[in-house]
Amino acid sequence: MIIKKEEVPGELRKHDISPSYPRKRILEYLVEEHNHPTVARIYDDLVGEIPSLSKTTVYNTLKLFVEKDLVEEITIEGTEKRYDLYNPDSHAHFRCSSCGKLFDITLQIRQHESPDLDGFTIHRQSVHFTGLCPQCSRIM
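Residues numbered from 1 in each chain as written. Predicted model: local features only at pLDDT ≥ 70, side-chain atom pairs only at ≥ 80, totals over all residues. Heavy atoms only, no water.

(A) Quick peek at the pattern of salt bridges. In total, this model carries 8 salt bridges according to the counting rule given. The shortest N-O distance in the salt bridge between Glu 32 and Arg 25 comes to 3.9 Å. Judged by its relative accessible area of 9%, Arg 25 falls in the buried class. Between Asp 45 and Arg 41 there is a salt bridge, and its shortest N-O distance comes to 3.2 Å. Here the residue Asp 45 and the residue Arg 41 both occupy positions in helix H3 (residues 39–46), the gap between them amounting to 4 residues, near one helical turn. Under the relative-accessibility criterion, Asp 45 is labelled partly exposed at 39%. A single salt-bridge network, built from bridges that share partners, covers Lys 5, Arg 25, Glu 28, Glu 32 and Glu 49. (Salt bridge = Lys/Arg side-chain N within 4 Å of Asp/Glu carboxyl O. Buried < 20%, exposed > 50% of the residue type's maximum accessible area, 1.4 Å probe, protein only. Helix = DSSP H or I, 4+ residues; strand = E, 2+ residues; numbered from the N terminus.)

(B) Local environment of unusual backbone geometry. Not every positive phi belongs to a glycine, and Asp 16 is a case in point at roughly 60°. When you line up the elements, Asp 16 lands in the loop between helix H1 (8–14) and helix H2 (21–33). Residue classification places Asp 16 among the exposed residues on the basis of a relative accessible area of 65%. Positive phi, close to 45°, is recorded for His 34, a residue that is not glycine. As for its placement among the helices and strands, His 34 is situated in the loop between H2 and H3.

(C) Spotlight on the packing of aromatic side chains. Inspection of the entire model under this criterion finds 1 aromatic pair. Each ring, one from Phe 94 and one from Phe 103, has its centre 6.5 Å from the other, and the planes form 55°; the classification is tilted. Its relative accessible area of 30% is what places Phe 103 among the partly exposed residues. (Phe/Tyr/Trp six-rings, centres within 6.5 Å; stacked < 30°, edge-to-face > 60°.)

(D) Local environment of the packing of H2 against helix H4 (residues 55–67). Contact geometry of H2 with H4 gives a least axis separation of 10 Å together with a crossing angle of 70°. In terms of orientation, H2 lies roughly perpendicular with respect to H4. Residue-level contacts link Pro 22, Arg 23, Ile 26, Leu 27 and Leu 30 of H2 to Thr 57, Val 58, Thr 61, Leu 62, Leu 64 and Phe 65 of H4. A class-by-class count of the residues in the contact of H2 with H4 yields 8 nonpolar, 2 polar and 1 charged. (Axes fitted to C-alpha atoms, helices over the stretch in contact; angles between N-to-C directions. Parallel < 35°, antiparallel > 145°, perpendicular 65-115°, else oblique. Contact = heavy atoms within 4.5 Å. Nonpolar A, V, L, I, M, F, W, Y, C, P; charged D, E, K, R; others polar.)

So this is what it looks like as structure tokens:
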């Protein structure tokens, strides 16, 4: 989903979310940074601007965004959860096992390409890769 910063309040309303200041700033952060952040990263980056912000507020806001299909929660390894704007287009995520960065990867998967999926109705797909990103591969 491509959202412009100035569209954030309207996008929140469109998803039946009251556009409080912390909610607007958290969504703006995801729009601006596109860095697949954790709750802690969002909190650390915004608490200087919003001194009353708590990690609980960030967590609850992201939980609401996920419930409303505005943001997707990504868990690749262990229990670390990352967040990304919801993208209905077919894509995967690649996590570099060296630097830890998470990348969006364009990937087209169609139901008819796997006979194991015959008869299934797919609402959402999630594909994750791990390995070394090009930058870390050059270093190794």
